[in-house]
Amino acid sequence: AGIGKCVALDLARRNARTILACRSRERGQAAVEEIRAATGNPAVLLRLLDTGSLASVRAFAQAVLREEKRLDVLVNNAGLTGLPFTITPEGLEQTFATNYLGPFLLTNLLLG
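Definitions and cut-offs
Residues numbered from 1 in each chain as written. Predicted model: local features only at pLDDT ≥ 70, side-chain atom pairs only at ≥ 80, totals over all residues. Heavy atoms only, no water. Helix = DSSP H or I, 4+ residues; strand = E, 2+ residues; numbered from the N terminus. Rg over C-alpha atoms; globule rule 2.2 N^0.38 Å. Contact = heavy atoms within 4.5 Å. Lys, Arg positive; Asp, Glu negative; His and termini not counted. Charge placed at Lys NZ, Arg CZ, Asp CG, Glu CD. Buried < 20%, exposed > 50% of the residue type's maximum accessible area, 1.4 Å probe, protein only. Polar contact = N/O pair within 3.5 Å; in protein donor to acceptor, adjacent residues only side chain to side chain. Expected span 1.5 Å × (residues − 1). Domains from an automatic or database assignment. Buried area = accessible area lost by both parts, 1.4 Å probe. Salt bridge = Lys/Arg side-chain N within 4 Å of Asp/Glu carboxyl O. Nonpolar A, V, L, I, M, F, W, Y, C, P; charged D, E, K, R; others polar.

A.B. asks: Would you explain the overall build of the protein in this entry?
C.D. replies: If you tally the helices and strands in the protein, you get four helices and two strands. Ordered by position from the N terminus, the helices and strands of the protein form the series α-β-α-β-α-α. The globule rule puts the C-alpha radius of gyration for 112 residues at 13 Å, and the 14 Å found for the protein is close to it. In terms of principal-axis extent, the alpha carbons of the protein reach across some 40 × 30 × 20 Å. Restricting to contacts in the protein with at least 6 residues of sequence separation, those with at least 24 account for 64%. Of the side-chain charges in the protein, 13 are positive and 10 negative, and the distance between the mean point of each set is 5 Å.

A.B. asks: How should I be thinking about the side chain of E68 in this particular structure?
C.D. replies: By secondary structure assignment, the location of E68 is in the loop between helix 3 (54-67) and helix 4 (94-110). The class of E68 is buried, set by a relative accessible area of 15%. A polar contact is formed between the side chain of E68 and the side chain of R17, at a distance of 2.7 Å. Not counting the four nearest positions on each side in its chain, E68 is found in contact with R17, I19 and L45.

A.B. asks: Just to check I follow, could you spell out the environment of A43 for this structure?
C.D. replies: With respect to the helices, strands and loops of the structure, A43 is situated in the loop between helix 2 (25-39) and strand 2 (44-48). Residue classification places A43 among the partly exposed residues on the basis of a relative accessible area of 22%. When the C-alpha positions of A43 and V32 are compared, they lie 9.5 Å apart, and in sequence the two are eleven residues distant. Among residues more than four places away in sequence, those in contact with A43 are A16, R17 and T18.

A.B. asks: Sorry, what's going on with helix 2 here?
C.D. replies: Note: α-helices contain 3.6 residues per turn, so residues at a spacing of three or four share the same orientation. The end-to-end C-alpha distance of helix 2, which contains 15 residues, comes to 21 Å, matching closely the 21 Å that a straight helix rising 1.5 Å per residue would cover. On its buried face, helix 2 sits against helix 1 (2-13), strand 1 (18-22) and strand 2. A positive backbone phi angle near 75° is found at G40, which sits one or two residues after helix 2.

A.B. asks: For this particular structure, what's the right way to read the domain arrangement of the protein?
C.D. replies: Much of the literature gives interface size as the accessible area that the parts lose upon coming together. In terms of domain boundaries, the protein breaks down into domain 1 (1-48) and domain 2 (51-111). Using C-alpha coordinates to define each centre, domain 1 is positioned 18 Å away from domain 2. Between domain 1 and domain 2, the residue contacts involve ten residues of the former and seven residues of the latter. The junction of domain 1 with domain 2 conceals about 710 Å² of combined surface from both sides, 57% of it contributed by carbon and sulfur atoms. When residues of domain 1 are sorted by the area they lose upon contact with domain 2, I19, R23 and R47 head the list and together hold 44% of the total. Linking domain 1 to domain 2 there are two salt bridges. For the interface between domain 1 and domain 2, the tally reads two residue pairs in polar contact (both at pLDDT 80 or more). Where the side of domain 1 that touches domain 2 is concerned, the elements lending two or more residues are helix 1, strand 1 and strand 2. For the side of domain 1 that touches domain 2, the per-class residue count stands at six nonpolar, one polar and three charged.

Here you go:
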């Protein structure tokens, strides 16, 4: 939804192979289908990612590196605010993990 979906839509319109990294399979698949229909680009894919989980970030990065020949653009757009104080299973504060640590780790894992 929001900025991330708009960016994905624009990239798909430019005929880019576009991976939507989403927490929710249901919402992500709906966005993929909407973007494919709007652009005619079949190379719009869904991959599950929760940037609040470093294990999820590592698994996502490994899959991208294994499945994709190259990565030209990375848009880190995940973010949340206003949630009650929560600790992740990895012992991190949820908002900090989601908004900062996860995207930082993802970027570093995907660097060539």
